[in-house]
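Architecture and fold: a report
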Amino acid sequence: MDFRTVFIILALAVIEMAAPLNAGCSGETLARSFELRWVSDQPAANGETDFKGPTAIHNTDERIHFLNAYDQVAARFFNNPNWDRLAVDEARVAEATRRIKPQPLPAVRRRIPLTDWKFTGQRRGQRRERARRLDAWNALPDADVRDGALVLTRAGGSIQADWAAQDWRFRFQWSARLTNPGDHALFTLVPGVICGLRPDGSAFYRADNKDIAAGSWQPGSWARFVTEVDLSQGRFNLYLNDALIADFVPLADTAAINRFVASGSAGLELDDIWGQGYQPLTKDPRKPFSIATFIDEDFSPLPDLGGWNRAGYDDAAWVPVPHWPYAHGGERRAGEDLYLRTTVRPGRFQKALLNVECLDPAGDIWVNGRHVESRNDRYPFELDLTQYLKPNEENLIAVRVKANKETTGMVHTPTDDHTGWSAGRMALDLTTPTHIDDVFVHTERLDSNEARVCVETTLAGTDARKLKVSLYPWFPAESAAAAATEVFTIEPGSAKSKNIIRVNRPALWSPEHPRLYKVSVSLLDDQGNPIDDEVVTAGIRTVSQEGGTFRINGRPAMMNGTLIFGFRPPLERISQWVRCPPEDWIVREILMIQAMNGNTIRMSQHNSVVGGVNDPRYAEIGDQLGIMFQWATTSWVREYSPDQLDFKGLPLYVRQVRNHPSIVIWQPANHPGFPKGDAGFREGMKWYGRVYETIYALDQSRLITPTANVTRLHPRNDAGTLDCDGNAVEPIPAWTAPGIARGDMDHATGYGAEWIVPRLYPSPPTFTSHMGWRDKGYKQDFLNSPVRAYFDFESEESAGQPNWNLVKGKPEYLVFSYEHDYDTGSIGQLLNSSQWRASQAWQAMSAYEAYRKKRWLDYDGLAWCTLRGGGNTATYQKPLTDYYNHTKMAFHAVGMVFQPILAGSRNVDMVYGPGDAVPVVLMNLGEERMVDVIVTVRDLDGRQIEQKIFSGVRMPAGRSATDVGEFKPGSPKGIYSIEYEVRASND
């Protein structure tokens, strides 16, 4: 041990005795974060050192050792030792879903939400196929079909089902019921899986030639078995009534399986037999395996659809929808149109209007057997049913939605291309010929104690003379006392009315405080009597970018969060739910993002090259939970030509959801391509301007970013005076129009990039993106804009393997995504499946470092791609959680960056050399505060090595980055965790 090391150790011992941890800092903790660093005695480590790149001093083995150390520290810091926690507790999801308030109903007009639907799904010829199969089951010597189940009629007999041999991975499930205590059953997937129900009430499975008791059954109750068989690994999982009872146990035989045999006591019933098989694919790494149902039996005939859309039809065999709206779909339901029926008794009415959110992708509506409407789009629409409905009688409304199969899939879509089809929510409005057609509420201006709220109303008919507008507090607390009420005169014959109502001391909406008003708009006749009314919910808030800073209610803010692709578990629902999920999935995803300190969702449902979603439920729920949306609409275009954008639908979608304060940016395109050079920019501006004009004509209260990837536009500078090559040009008005904001996909550490890219960001001089689009050097100009905000709409694009232990038995187990080779560029070699923790550590470390830098560069928002690993048939590894909502290390690391207050180093230097001092920066988003910043160095076992305290640091209000001072490490060479804690100052 040399003299310098001995001196340092003795000095540290004195420091620890003289200055206990956090001495003099007793205020509340406001933020915590950590960075992992090498400390070196080599002069080559001085300056900003790369992890891998031109200034790196460590080899690949040392880098992998560093990542293993990062995993060790992060597991302790985030208290997630096995990386197996769910992002949000399911009980919390259920409670939050239960607390979502339905939209209020008007008081004068009668609005009847249509929610009690029954459904069936069928394709042509399917009923005859089902009948033939039932005849075959009835012909078995030991079984009969009775009351929708297959019954074993003879003790000692057996039931056998055969299918095409499954030789890789598959899922097979069935339900069984025994009537009497002492009955028994034996089930075999020939030849490898054996399980059953014992006479003593226990269940069992066979492993290593032994019967192992697990679970139990009750006479008269259904026992639901699910097997996940992995012949490639020679193992299987077994679930009984959703409980895992056999955890990846060895198969008795690994030969292909093509048969199911059931035997046992007479009266054994079987139902809901279904198997889904998977086969590896090799042509395209983005499509890793196929999905195909190989058996599907519920032992019930399909209903005859003759006369299904008429009132006298018997729909007893139809099923109540499990949730509304309901999506049919997935390969299991391939080609089945969705049929829906409900009844309504309207009483007396003058005018009957049916409002339909959409028929997705197309469909028809009948009323009392009469065909009313055919749609071949996903637009919201209104139907006048006055002549079709019978007053004071029960009326039938029948809907058919056509089956969907995507033909323009993308790089992230599942191999199951039967994307769910659904009818949006519907409501019947009973009103008068003179009525309110549309209401748009937005905040025009906020003063110190007053809000000027603009209410734009579109009318049908001309009998009304006055308009009464009232705002009532509605969420989180509802009040019958109006916060503001005003009556306005309508000009004779006018179809539109635009009025300002002032609200004193308004409760403002923000993600931190999602407060909403119920806005009631009533039409009055000459005597002041109400003719009609409409009610919407709205938030009083403004979105702006004064000074080039994104602002909510005039205050600097950030939009931090993730994209959502919509690919939700389980695998049999991955395509069914992508466009229209159950409500609790919308809640779950919002809560997941909030659990990582995020406040933003970028709507980016990746089911097709053309077409996002415009589901108003997202906005209604986001209004109440406090999330901000970068909204795409169903006109959304992902790539290729921007001319694919549906300009006919775009204004309809904007109008459908524009009252919701949670929507803060309109973004109807992802990264379409444009011709190269400034000529391409000028050509692209025609499309860009058309998008802008279409939206701005309907809504001037939000920001607009026509495309999320400005680089592909070959952009000019922020002012529009220099082209992509730096030549002086005449500005184009659309480029700098009011409300236009900037943004790009700034993946500083993704796609195998070396550390030079984040080190030199935002303008790495030699960096060309993974798609071949060269950085022209205007990012810093956009960031410095005194007029427009600049967002990172999609990043960081670094991949982290899932915890493979959580997906054993699933078809994606040990299947690497197409992103795997990124490791070579960023780390130095491919990481294998046993190194999944190091893989997650790279993703987490690189994410934190890049995002921290983007915060001090003053980005207006950061959005990770994507939240959940459902893309590429559940093998996509860039997301922050796995497919089943378990957090990866990066989920927590990004959560550190998204804290409103963050302290850290103001560089991305990975190795501190003998001449290095750490520049400590304090970033704030919020109020001015006095704080103490405590920097603590710990070894890999968590022991404190040294500490420095910066006391009484002033954090300016707003969005700021304050240089706190320097910290010079005195630790011996090695790997250390540098922890940063920010506490409220007592000074």
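Each chain carries its own residue numbering, running from 1 in the direction its sequence is written. Whole-chain, interface and lining totals are the exception, using all residues; otherwise, since this is a predicted model, local features are given only for residues with pLDDT of at least 70 and side-chain atom pairs are given and counted only at 80 or more. As a rule here, side-chain values come from all non-hydrogen atoms in the structure, and water together with hydrogens is ignored.

Turning next to unusual backbone geometry. For residues besides glycine, phi is generally negative; the peptide bonds are generally trans as well. Between Val190 and Pro191 the backbone carries a cis peptide bond, its omega angle lying at 10 degrees. In this description a helix means any DSSP run of H or I spanning at least four residues, a strand means any run of E spanning at least two, and both kinds are numbered starting from the N terminus. For Pro191, the location among the structural elements is in the loop between β8 (185-190) and β9 (193-197). In the segment running from Trp324 into Pro325, the intervening peptide bond is cis, with an omega of 0 degrees. Relative to the helices and strands, Pro325 resides in the loop between β18 (319-320) and β19 (327-328).

Between the rings of Phe, Tyr and Trp (Trp by its six-membered ring), a pair exists once the centres lie within 6.5 Å; its type follows the angle of the planes, with under 30 degrees stacked, over 60 edge-to-face, and the other angles tilted. Tallying each qualifying case throughout the model produces 53 aromatic pairs. Measuring from ring centre to ring centre gives 5.2 Å for Phe77 and Phe78, while their planes differ by 90 degrees; the resulting arrangement is edge-to-face. Given the relative accessible area of 13%, Phe77 is considered buried. Exposure is judged per residue with a 1.4 Å probe applied to protein chains only, and the accessible area is read against the type maximum: over 50% gives exposed, under 20% gives buried, and values in between give partly exposed. By relative accessible area, Phe78 is classed as buried at 12%. Taking the centre distance of 5.8 Å and the plane angle of 80 degrees together, the rings of Phe170 and Phe294 count as edge-to-face. Of this pair, Phe170 sits in strand β7 (residues 169-177) while Phe294 sits in strand β17 (residues 289-297); the two residues are 124 residues apart in sequence, bridging distant segments of the chain. Here the two residues Phe170 and Phe294 agree in accessibility, since each one is buried. Counting every residue linked through ring pairs, the aromatic cluster contains Trp163, Phe170, Phe172, Trp174, Phe187, Phe225, Phe260 and Phe294. Two limits define a charge over a ring: the Lys NZ or Arg CZ must be within 6 Å of the ring centre, and within 35 degrees of the ring normal. The ring of Trp474 has Lys101 lying over it, and the distance from NZ or CZ to the ring centre is 4.3 Å. In this structure, Arg690 packs its charged tip against the face of Phe647, placed 3.8 Å from the ring centre.

Here we take up the environment of Tyr517. Considering the arrangement of structural elements, one finds Tyr517 in strand β34 (residues 516-524). Taking the C-alpha atoms as reference points, Tyr517 and Pro476, separated by 41 residues in sequence, lie 9.4 Å from one another. Between two residues, a contact is recorded if the distance between any of their heavy atoms is within 4.5 Å. Among residues more than four places away in sequence, those in contact with Tyr517 are Leu471, Tyr472, Pro473, Trp474, Ala483, Val503, Pro506, Ala507, Val536, Thr537, Ala538 and Ile540. Polar contacts, as used here, are pairs of N or O atoms within 3.5 Å; protein pairs need one atom able to donate a hydrogen and one able to accept it. Residues neighboring in sequence count only if both atoms are side-chain atoms. From its side chain, Tyr517 meets the backbone nitrogen of Ala507 in a polar contact 2.9 Å long.

By the convention used here, strands pair only if DSSP detects at least 2 bridges between them. Taken together, three strands build an open sheet; the order of strands is β19-β27-β22 and the sheet is antiparallel. Edge strands, defined here as strands with exactly one partner in the open sheet, are β19 and β22 (359-360). By the bridge criterion, two bridges tie β22 to strand β27 (residues 421-423) in an arrangement that is antiparallel. Bridge pairing links Leu359 to Ala423 in β27.

So, about the pairing of strand β29 (residues 435-446). Pairing of β29 with strand β30 (residues 450-460) involves 10 bridges; the strand directions are antiparallel. Paired with His442 across the strands is Cys454, a residue of β30. Hairpin connection, β29 to β30: the antiparallel pair is bridged by three residues.

With that settled, consider the pattern of salt bridges. Salt bridge criterion: a side-chain nitrogen from Lys or Arg within 4 Å of a carboxyl oxygen from Asp or Glu. Here the structure, examined in full by the defined rule, presents 75 salt bridges. For Arg341, the salt bridge is made with Asp315, and the minimal N-O distance between the two is 3.1 Å. Note that Arg341 is positioned in strand β20 (residues 337-344) and Asp315 in the loop between β17 and β18, a separation of 26 residues in sequence. Note on Arg341: relative accessible area 6%, which makes it buried. For Asp364, the salt bridge is made with Arg400, and the minimal N-O distance between the two is 2.9 Å. Of this pair, Asp364 sits in strand β23 (residues 363-367) while Arg400 sits in strand β26 (residues 395-401), and the two are 36 residues apart along the sequence. Where salt bridges share partners, they join Arg109, Arg111, Asp429, Asp532 and Glu534 into one cluster.

Core analysis: the largest hydrophobic core is formed by 133 residues, its most contacted members being Phe51, Phe66, Leu67, Tyr70, Met603, Trp631 and Met845. Top element by residues in this core is helix α12 (residues 836-856). It accounts for 11 residues. Ignoring anything within four residues of it in the chain, the contact list for Trp631 reads Met603, Val613, Asn614, Asp615, Tyr618, Ala619, Val657, Ile663, Ile665, Trp666, Gln667 and Pro668. The next biggest cluster of nonpolar side chains, apart from the first, holds 44 residues, and it includes Trp137, Ala143, Ile245 and Phe294. To form a nonpolar core, buried Ala, Val, Leu, Ile, Met, Phe, Trp, Tyr and Cys residues must be joined to one another through side-chain atoms within 4.5 Å.

In this section: the side chain of Gln605. The residue Gln605 is located in the loop between β40 (600-603) and α6 (616-625) in this model. Residue classification places Gln605 among the buried positions, given a relative accessible area of 1%. In this structure the side chain of Gln605 is engaged in a polar contact, spanning 3.3 Å, whose partner is the side chain of Tyr618. The contacts of Gln605, once residues within four sequence positions are left out, are Ile564, Phe565, Gly566, Val578, Gly611, Gly612, Val613, Tyr618 and Trp636.

For helix α3 (residues 90-98), every residue scored as buried is listed here: Val93, Ala96 and Thr97. With its buried residues spanning 100 degrees around the axis, α3 presents them on a single face. Opposite the buried face of α3, at more than 90 degrees from it, the exposed residues are Ala91 and Arg98. In this structure, the buried side of α3 is in contact with α5 (583-595). With a side-chain oxygen lying 3.0 Å from the backbone nitrogen of Ala91, the N-terminal cap of α3 falls on Asp89. Read the arc as the range of directions from the helix axis to the C-beta atoms.

Turning our attention to the confidence of the model for the protein chain. Confidence in the prediction of the protein chain, expressed as mean pLDDT, is 94, and 96% of residues score 70 or more. Confidence of the predictor at the level of single residues is captured by pLDDT, which takes values from 0 to 100. Note that pLDDT drops below 50 for residues 1-25; the model gives that stretch 25 contacts with residues more than four away or on any other chain.

Once that is clear, we can look at the sheet that holds strand β31 (residues 466-475). To summarise the sheet geometry, strands pair through backbone hydrogen bonds and adopt either a parallel or an antiparallel arrangement. The antiparallel open sheet is built from four strands, whose spatial order is β32-β31-β34-β35. Because the sheet does not close on itself, it has two edges, and the strands there are β32 (484-489) and β35 (530-538). The mean inter-strand angle of the sheet, taken between neighbouring strand axes irrespective of direction, is 20 degrees. Of the pairings in the sheet, the one linking β31 to β32 comprises six bridges and is antiparallel in character. To obtain an axis, a line is fitted to C-alpha atoms, over the contacting stretch when the element is a helix, and the angle between two such axes runs from 0 to 180 degrees between their N-to-C directions.

Axes are the key here: two packed helices are described by the angle between their axes and the distance separating the axes. At a minimum axis separation of 8 Å, α12 and helix α14 (residues 889-897) run at an interaxial angle of 15 degrees. Taken together, α12 and α14 sit at an angle that is classed as roughly parallel. Crossing geometry of α12 relative to α14 is assigned as right-handed. Residues Arg837, Gln840, Ala841, Gln843, Ala844, Ala847, Tyr848, Tyr851, Arg852 and Arg855 of α12 touch α14, and the partners they reach there are Met889, Ala890, Ala893, Val894, Met896 and Val897. Side-chain classes are defined by residue name, with Ala, Val, Leu, Ile, Met, Phe, Trp, Tyr, Cys and Pro counting as nonpolar, Asp, Glu, Lys and Arg as charged, and the others, Gly among them, as polar. Taken together, the residues of the contact of α12 with α14 sort by class into 11 nonpolar, two polar and three charged. Angle categories are assigned with fixed cut-offs, so that under 35 degrees is roughly parallel, over 145 is roughly antiparallel, 65 to 115 is roughly perpendicular, and the rest are oblique. Note: crossing handedness is left-handed where the near helix turns anticlockwise from the far helix by less than a right angle, and right-handed where it turns clockwise.

Turning our attention to the state of the cysteines. The disulfide criterion is simple: two cysteine sulfur atoms within 2.5 Å. Overall, the coordinates contain zero disulfides when judged by the stated rule. A disulfide-free cysteine, Cys358 has its sulfur positioned 7.3 Å from the sulfur of Cys580, the nearest such atom.

What follows is about helix α4 (residues 126-138). Helix span is expected to be 1.5 Å times the residue number reduced by one. In this model, α4 (13 residues) spans 18 Å end to end at C-alpha, consistent with the 18 Å of a helix rising 1.5 Å per residue. Within α4, burial applies to Gln126, Arg130, Leu134 and Trp137. The arc that holds the buried residues of α4, viewed along the axis, is 75 degrees, so those residues lie on one side. Among the exposed residues of α4, those oriented more than 90 degrees off its buried face are Arg128, Arg132 and Asp135. Against β3 (118-122), β4 (143-146), β5 (149-152), β6 (158-166) and β17 lie the buried residues of α4.

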